[in-house]
Amino acid sequence: MVRAAVSGVWRGVLMAGLLGLPAAVWADDGFVEIFNGQDLTGWIAEGMFDYDKENAEKPIWIVDDGTLVCKGRRWGFLRYDKELTDFVVRLQFRTSKGCNSGLGIRGSKFTGWTTSPSRSGYEMQILDDAGKKPNEHSSGALYRYVAAKQNAIKPAGEWNDIEIECRGPKIRITLNDVVIQDVDQSQIDAIKKKPLTGYFSVQDHGHHVEFRNIRLKELKP
(Lines give C-alpha, C1' and ligand atoms only; values in the text may rest on other atoms or scores of the structure.)
Protein backbone atom coordinates (compact mmCIF):
# COMPACT_ATOMS: atom_id res chain seq x y z
CA MET A 1 0.00 0.00 0.00
CA VAL A 2 2.76 2.43 1.01
CA ARG A 3 4.90 1.29 -1.93
CA ALA A 4 2.03 1.96 -4.35
CA ALA A 5 1.50 5.44 -2.97
CA VAL A 6 5.17 6.33 -3.24
CA SER A 7 5.26 4.95 -6.77
CA GLY A 8 2.30 7.14 -7.69
CA VAL A 9 4.07 10.25 -6.38
CA TRP A 10 7.18 9.50 -8.44
CA ARG A 11 5.08 8.93 -11.55
CA GLY A 12 3.63 12.40 -10.97
CA VAL A 13 7.07 13.94 -10.56
CA LEU A 14 8.20 12.26 -13.77
CA MET A 15 5.17 13.62 -15.63
CA ALA A 16 5.86 17.11 -14.29
CA GLY A 17 9.40 16.86 -15.64
CA LEU A 18 8.18 15.72 -19.03
CA LEU A 19 5.78 18.67 -19.19
CA GLY A 20 8.52 21.12 -18.23
CA LEU A 21 6.85 22.24 -15.02
CA PRO A 22 9.06 23.73 -12.27
CA ALA A 23 9.77 21.66 -9.17
CA ALA A 24 6.22 20.37 -9.25
CA VAL A 25 4.69 17.88 -6.85
CA TRP A 26 1.52 16.17 -8.04
CA ALA A 27 -1.23 15.47 -5.54
CA ASP A 28 -3.87 12.75 -5.69
CA ASP A 29 -6.52 15.33 -6.60
CA GLY A 30 -4.74 16.15 -9.86
CA PHE A 31 -3.40 19.55 -8.84
CA VAL A 32 0.23 20.53 -9.31
CA GLU A 33 2.10 23.30 -7.51
CA ILE A 34 3.21 25.78 -10.18
CA PHE A 35 5.00 28.10 -7.74
CA ASN A 36 7.79 26.19 -6.04
CA GLY A 37 8.12 28.50 -3.02
CA GLN A 38 11.85 29.04 -3.66
CA ASP A 39 12.27 31.10 -6.83
CA LEU A 40 10.43 32.30 -9.95
CA THR A 41 11.14 29.25 -12.09
CA GLY A 42 8.33 28.84 -14.62
CA TRP A 43 7.19 32.47 -14.34
CA ILE A 44 7.92 35.49 -16.56
CA ALA A 45 8.03 39.06 -15.25
CA GLU A 46 6.46 41.52 -17.68
CA GLY A 47 6.03 45.27 -17.75
CA MET A 48 8.01 47.12 -15.08
CA PHE A 49 9.69 44.50 -12.94
CA ASP A 50 12.34 46.38 -10.97
CA TYR A 51 12.72 49.72 -9.24
CA ASP A 52 15.48 52.11 -8.21
CA LYS A 53 16.35 52.22 -4.52
CA GLU A 54 19.41 54.16 -3.43
CA ASN A 55 20.75 54.04 -7.01
CA ALA A 56 20.46 50.26 -7.18
CA GLU A 57 17.97 48.21 -9.18
CA LYS A 58 15.76 46.07 -6.95
CA PRO A 59 13.36 43.34 -8.14
CA ILE A 60 9.65 43.90 -7.60
CA TRP A 61 8.86 40.17 -7.49
CA ILE A 62 10.66 38.20 -4.79
CA VAL A 63 10.19 34.97 -2.84
CA ASP A 64 10.21 35.22 0.95
CA ASP A 65 9.73 32.17 3.18
CA GLY A 66 7.72 30.27 0.58
CA THR A 67 5.57 33.25 -0.36
CA LEU A 68 5.54 35.13 -3.67
CA VAL A 69 5.81 38.81 -2.75
CA CYS A 70 5.10 41.78 -4.99
CA LYS A 71 6.93 44.83 -3.61
CA GLY A 72 4.48 46.99 -5.54
CA ARG A 73 6.60 49.85 -6.83
CA ARG A 74 5.57 49.85 -10.50
CA TRP A 75 2.99 48.26 -12.85
CA GLY A 76 3.26 44.89 -14.52
CA PHE A 77 2.59 41.18 -14.30
CA LEU A 78 4.14 37.87 -13.37
CA ARG A 79 2.91 35.34 -15.91
CA TYR A 80 2.91 31.55 -15.62
CA ASP A 81 4.78 30.48 -18.71
CA LYS A 82 2.31 28.02 -20.20
CA GLU A 83 -0.87 28.66 -22.17
CA LEU A 84 -3.96 27.17 -20.57
CA THR A 85 -7.35 26.27 -22.00
CA ASP A 86 -9.63 24.56 -19.49
CA PHE A 87 -8.26 24.51 -15.97
CA VAL A 88 -8.72 25.13 -12.26
CA VAL A 89 -6.31 27.35 -10.31
CA ARG A 90 -6.30 27.50 -6.52
CA LEU A 91 -4.20 29.87 -4.47
CA GLN A 92 -4.08 32.14 -1.45
CA PHE A 93 -3.44 35.88 -1.50
CA ARG A 94 -3.05 38.61 1.09
CA THR A 95 -3.52 42.31 0.45
CA SER A 96 -1.94 45.30 2.16
CA LYS A 97 -3.71 48.50 3.18
CA GLY A 98 -4.92 50.34 0.08
CA CYS A 99 -3.89 47.44 -2.14
CA ASN A 100 -4.74 47.22 -5.84
CA SER A 101 -3.83 44.00 -7.67
CA GLY A 102 -5.43 41.28 -9.75
CA LEU A 103 -5.31 37.82 -11.30
CA GLY A 104 -4.96 37.52 -15.06
CA ILE A 105 -7.11 34.86 -16.73
CA ARG A 106 -6.59 33.71 -20.33
CA GLY A 107 -4.55 36.79 -21.15
CA SER A 108 -1.86 37.17 -23.80
CA LYS A 109 1.85 37.87 -23.48
CA PHE A 110 2.20 41.47 -22.31
CA THR A 111 3.69 43.83 -24.89
CA GLY A 112 1.85 47.02 -23.98
CA TRP A 113 -1.36 48.45 -22.57
CA THR A 114 -3.69 46.77 -25.09
CA THR A 115 -2.31 43.34 -24.18
CA SER A 116 -2.87 43.64 -20.43
CA PRO A 117 -5.00 40.75 -19.09
CA SER A 118 -8.09 42.92 -18.57
CA ARG A 119 -8.12 43.69 -22.31
CA SER A 120 -6.67 40.58 -23.96
CA GLY A 121 -8.45 38.22 -21.56
CA TYR A 122 -9.73 38.88 -18.05
CA GLU A 123 -8.43 40.41 -14.85
CA MET A 124 -10.14 39.37 -11.65
CA GLN A 125 -9.83 42.47 -9.53
CA ILE A 126 -8.19 42.42 -6.10
CA LEU A 127 -8.62 45.48 -3.90
CA ASP A 128 -8.49 46.38 -0.22
CA ASP A 129 -12.23 47.05 -0.21
CA ALA A 130 -13.71 44.50 2.20
CA GLY A 131 -17.35 45.18 3.01
CA LYS A 132 -18.00 47.52 0.09
CA LYS A 133 -20.79 46.98 -2.42
CA PRO A 134 -19.53 45.12 -5.51
CA ASN A 135 -19.37 46.70 -8.95
CA GLU A 136 -17.42 46.16 -12.20
CA HIS A 137 -14.26 47.59 -10.62
CA SER A 138 -14.34 46.11 -7.10
CA SER A 139 -12.83 42.94 -5.69
CA GLY A 140 -13.93 39.79 -7.46
CA ALA A 141 -15.05 41.60 -10.60
CA LEU A 142 -14.04 40.51 -14.07
CA TYR A 143 -12.60 43.99 -14.29
CA ARG A 144 -14.62 46.43 -16.42
CA TYR A 145 -17.16 43.76 -17.42
CA VAL A 146 -18.90 41.75 -14.69
CA ALA A 147 -19.34 42.63 -11.02
CA ALA A 148 -18.94 39.93 -8.38
CA LYS A 149 -22.14 38.47 -6.96
CA GLN A 150 -20.79 39.35 -3.52
CA ASN A 151 -17.71 41.12 -2.19
CA ALA A 152 -16.20 38.24 -0.23
CA ILE A 153 -12.65 39.55 0.18
CA LYS A 154 -11.16 39.67 3.68
CA PRO A 155 -9.64 42.81 5.24
CA ALA A 156 -6.03 43.69 4.46
CA GLY A 157 -3.52 41.45 6.23
CA GLU A 158 -5.70 38.31 6.16
CA TRP A 159 -5.19 35.39 3.78
CA ASN A 160 -7.88 34.75 1.16
CA ASP A 161 -8.59 31.40 -0.53
CA ILE A 162 -9.62 31.51 -4.17
CA GLU A 163 -10.47 29.01 -6.88
CA ILE A 164 -10.82 29.94 -10.56
CA GLU A 165 -12.38 27.36 -12.87
CA CYS A 166 -12.49 27.85 -16.65
CA ARG A 167 -14.36 25.34 -18.83
CA GLY A 168 -14.94 26.54 -22.37
CA PRO A 169 -16.88 29.83 -22.15
CA LYS A 170 -17.84 29.24 -18.52
CA ILE A 171 -15.91 30.91 -15.71
CA ARG A 172 -16.64 30.13 -12.07
CA ILE A 173 -14.77 31.83 -9.24
CA THR A 174 -15.06 30.96 -5.57
CA LEU A 175 -13.55 33.32 -3.00
CA ASN A 176 -13.44 32.30 0.66
CA ASP A 177 -16.10 29.60 0.02
CA VAL A 178 -18.44 32.08 -1.70
CA VAL A 179 -19.22 31.74 -5.43
CA ILE A 180 -18.62 35.28 -6.67
CA GLN A 181 -18.63 34.63 -10.43
CA ASP A 182 -20.56 32.08 -12.46
CA VAL A 183 -20.43 33.40 -15.99
CA ASP A 184 -21.02 32.02 -19.48
CA GLN A 185 -19.20 34.54 -21.65
CA SER A 186 -21.00 33.33 -24.77
CA GLN A 187 -24.18 34.85 -23.34
CA ILE A 188 -22.73 38.32 -22.65
CA ASP A 189 -22.14 40.57 -25.67
CA ALA A 190 -19.28 42.55 -24.12
CA ILE A 191 -17.14 39.45 -23.52
CA LYS A 192 -18.45 36.79 -25.92
CA LYS A 193 -15.37 37.15 -28.17
CA LYS A 194 -12.84 36.81 -25.35
CA PRO A 195 -10.32 34.00 -25.96
CA LEU A 196 -10.80 30.53 -24.51
CA THR A 197 -7.04 29.97 -24.24
CA GLY A 198 -4.37 32.14 -22.64
CA TYR A 199 -2.06 32.75 -19.72
CA PHE A 200 -2.58 32.99 -15.97
CA SER A 201 -0.81 35.84 -14.18
CA VAL A 202 -0.64 37.89 -11.00
CA GLN A 203 -0.50 41.68 -11.08
CA ASP A 204 1.67 44.45 -9.71
CA HIS A 205 -0.38 47.64 -9.56
CA GLY A 206 1.90 49.63 -7.31
CA HIS A 207 1.01 48.01 -3.98
CA HIS A 208 2.39 45.27 -1.76
CA VAL A 209 0.55 41.96 -2.21
CA GLU A 210 1.44 38.34 -1.45
CA PHE A 211 0.56 34.98 -3.03
CA ARG A 212 1.19 31.40 -1.97
CA ASN A 213 0.12 27.78 -2.54
CA ILE A 214 -0.53 28.35 -6.26
CA ARG A 215 -1.84 25.08 -7.67
CA LEU A 216 -3.11 24.14 -11.11
CA LYS A 217 -5.20 21.32 -12.54
CA GLU A 218 -5.61 21.24 -16.30
CA LEU A 219 -8.91 19.89 -17.61
CA LYS A 220 -9.78 18.20 -20.87
CA PRO A 221 -11.53 20.72 -23.17
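Overview of the structure. (Residues numbered from 1 in each chain as written. Predicted model: local features only at pLDDT ≥ 70, side-chain atom pairs only at ≥ 80, totals over all residues. Heavy atoms only, no water.)

Moving on, we come to the packing of aromatic side chains. For any pair of aromatic rings, the description consists of the separation of the ring centres together with the inter-plane angle of the planes. The full count for this structure, using the stated rule, is four aromatic pairs. Where Trp 43 meets Phe 200, the ring centres are 6.5 Å apart and the plane angle is 70 degrees; that geometry is what we call edge-to-face. Residue Trp 43 is found in strand 2 (residues 43-47), and its partner Phe 200 is found in strand 14 (residues 199-204); the two are separated by 157 residues along the sequence. Summarising the burial analysis for this pair, Trp 43 and Phe 200 share the class buried. The structure contains a cluster of three or more aromatic residues connected by ring pairs, namely Trp 43, Tyr 80 and Phe 200. Directly above the ring of Tyr 199 sits Arg 79, whose terminal nitrogen or CZ lies 4.4 Å from the centroid. Over the ring of Tyr 122 we find Lys 194, and its NZ or CZ is 5.5 Å from the ring centre. (Phe/Tyr/Trp six-rings, centres within 6.5 Å; stacked < 30°, edge-to-face > 60°. Helix = DSSP H or I, 4+ residues; strand = E, 2+ residues; numbered from the N terminus. Buried < 20%, exposed > 50% of the residue type's maximum accessible area, 1.4 Å probe, protein only. Lys NZ or Arg CZ within 6 Å of the ring centre and 35° of its normal.)

So, about the environment of Asn 151. Relative to the assigned elements, Asn 151 resides in the loop between strand 10 (122-127) and strand 11 (159-167). Taking the C-alpha atoms as reference, Asn 151 lies 6.6 Å from Gly 140; in sequence the two are eleven residues apart. At a separation of 3.1 Å, a polar atom in the side chain of Asn 151 contacts the main-chain carbonyl oxygen of Lys 132. A polar contact is formed between the side chain of Asn 151 and the backbone nitrogen of Ile 153, at a distance of 3.3 Å. (Polar contact = N/O pair within 3.5 Å; in protein donor to acceptor, adjacent residues only side chain to side chain.)

Our next topic: the pattern of salt bridges. Side chains that carry opposite charge are capable of pairing whenever their charged atoms lie near each other. Counted under the stated rule, the structure contains ten salt bridges. Among the salt bridges present, the one from Glu 46 reaches Arg 79, with a minimum N-O distance of 2.9 Å. One end of the pair, Glu 46, is in strand 2; the other, Arg 79, is in strand 7 (residues 76-80), and 33 residues separate them in sequence. Comparing Glu 46 with Arg 79 shows no difference in burial state: the two are buried. For Asp 189, the salt bridge identified is with Lys 192, shortest N-O distance 3.6 Å. Residue Asp 189 is classed as exposed on the basis of its relative accessible area of 65%. Taken together, the shared-partner salt bridges connect Glu 46, Arg 79 and Asp 81 into one network. (Salt bridge = Lys/Arg side-chain N within 4 Å of Asp/Glu carboxyl O.)

A regular strand places its side chains so that they alternate between the two faces of the sheet. For strand 8 (residues 87-95) and strand 11, the ladder comprises eight bridges, and the chain directions are antiparallel. Looking across to strand 11, one finds that Leu 91 is bridged to Ile 162. For strand 11 and strand 12 (residues 170-175), the ladder comprises six bridges, and the chain directions are antiparallel. Paired with Glu 163 across the strands is Thr 174, a residue of strand 12. Here strand 11 folds back onto strand 12 in antiparallel fashion, the turn holding two residues, of which Gly 168 has a positive phi close to 55 degrees. (Pairing = 2+ DSSP bridges.)

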